[in-house]
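# Structural characterization, general
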Amino acid sequence: MKKVLFCLVLSLRFLGLSSQEAGQGVTFVKPDSTAVENGILDAVALIDAREVAAARNLLDSLARVSPDNDAVCYYLGMCRFNQGDVEGAMKSIEKAAALDSANVWYRETLASLYLNTGKTPEALSLYRRLQKERPAKYPDIFINSLAADSYRLSRDYPAFFKALTALVQDENADDEMKYSALMSSLGNFDSRTFNAILPSLDSLMVRYCEAEPSSLHAHNLRLETAIGRDDSEAVIRECRTLIALQPDDPGQQVTCLAIIGDTYHSLGNEKLAFKTYEEALKIDPSNCPVLNNYAYYLSQRRCRLRKAEKMSRITVEKEPDNATYLDTYGWILYLRGRAAEAKPYFKHAMIYGGKESAVILEHYSLVLKKLGEEDLSAYYHNLAESKKK
């Protein structure tokens, strides 16, 4: 503290003031440039020592006698920022940048301050000017990402997607840079907005895949948008591409095959669906999602129920509290004439979320009816009907 006070008093004396006069609002005599420079250096030393309040007092004194000194304005802005006066900090640094327009440091600090306080359009404008001077430091991907954020804030979605398309097509950026920038720009859309922009989002991912044909990031994102748009052809194509790109990752191969099988089934092509499930199970014979879906779709056709039961049994052994798997297994037992065996599985399913599914409730109702429990059957039937509304 003694060192701080010594620096402060000494600097005020360089300015032709006593510490007492500095606090009494007396008329200042304009100091010479050397005195001002020494005062600035002392203020910077105080800032480095985290004595921000003392530095602020000194800089306030300097500003009164040398209001158009760019360095005084800049460091006063830094003090104000450290003291929580963000608006005051921006005004001071804006003045510093105006006084010395050639000082890139001032403009970089101001652009960063704009960016971190939500003034994205102002930051974008300044960064674009900085890019002309320092293209290596401010590459296109940075500017396009920033532009996308600005357009999103103003809900200008055509411009938003134009900026992101330029981003994914940037030949000077690698795939990880593109993916990181995209994820930063695309997060947290509400469902209504997301549905409205989904076609544009899908087109963006097509451009991304074209620019980065071997990118797992690109093809996974395109797969997501294709699923969202119910574009079955694109879903199958992207899954096949992801399988080809990951020959040594059996887990991802099975996941993609499961999606392909489900897609074929939704298209009514059960033959290809079941063939794809068999392909997946050759890689991972105990994959629960594949086993469950395959078994349930067989039960819907009322065929190969012995095989369906065997597959479904594996899923409930591995995940005994999964209501969906419990329903499939219980339903297959019911179809095979074993309603009494099926009942405990449905009772267990009720505890773990089964009451939220109209299908599970209806299946349980039929099991109970088969067992002659009419009142309880009617209760679960009514619950199932209420879930359909």
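Everything numeric here is computed off the predicted structure, so don't read it as measured data.

## Regarding the overall build of the protein chain
- Across its full length, the protein chain carries 22 helices and 0 strands.
- Taking 21 Å as the expected radius of gyration for a compact globule of 389 residues, we find that the protein chain reaches 34 Å, considerably beyond that expectation.
- Taking all 389 residues of the protein chain together, the buried fraction comes to 47%.
- Considering only intrachain contacts with a sequence separation of at least 6, the fraction spanning at least 24 residues in the protein chain is 48%.
- Per element, the accessible surface of the protein chain, about 20,400 Å² overall, is 51% carbon and sulfur.
- In the protein chain, 48 positive and 52 negative side-chain charges are present, and the distance between their average locations comes to 5 Å.

## Quick notes on the environment of Glu-94
- Positionally, Glu-94 belongs in helix α6 (residues 86-99).
- Distance from Glu-94 to Ala-258, taken between C-alpha atoms, is 57 Å for residues 164 residues apart in sequence.
- Setting aside chain neighbours within four positions, we find Glu-94 in contact with Leu-110 and Tyr-114.
- Within the structure, the side chain of Glu-94 is placed 2.4 Å from the side chain of Tyr-114, a separation counted as a polar contact.

How each quantity is defined
Residues numbered from 1 in each chain as written. Predicted model: local features only at pLDDT ≥ 70, side-chain atom pairs only at ≥ 80, totals over all residues. Heavy atoms only, no water. Helix = DSSP H or I, 4+ residues; strand = E, 2+ residues; numbered from the N terminus. Rg over C-alpha atoms; globule rule 2.2 N^0.38 Å. Buried < 20%, exposed > 50% of the residue type's maximum accessible area, 1.4 Å probe, protein only. Contact = heavy atoms within 4.5 Å. Areas by Shrake-Rupley, 256 points an atom, 1.4 Å probe, with all protein chains shown as cover. Lys, Arg positive; Asp, Glu negative; His and termini not counted. Charge placed at Lys NZ, Arg CZ, Asp CG, Glu CD. Polar contact = N/O pair within 3.5 Å; in protein donor to acceptor, adjacent residues only side chain to side chain.

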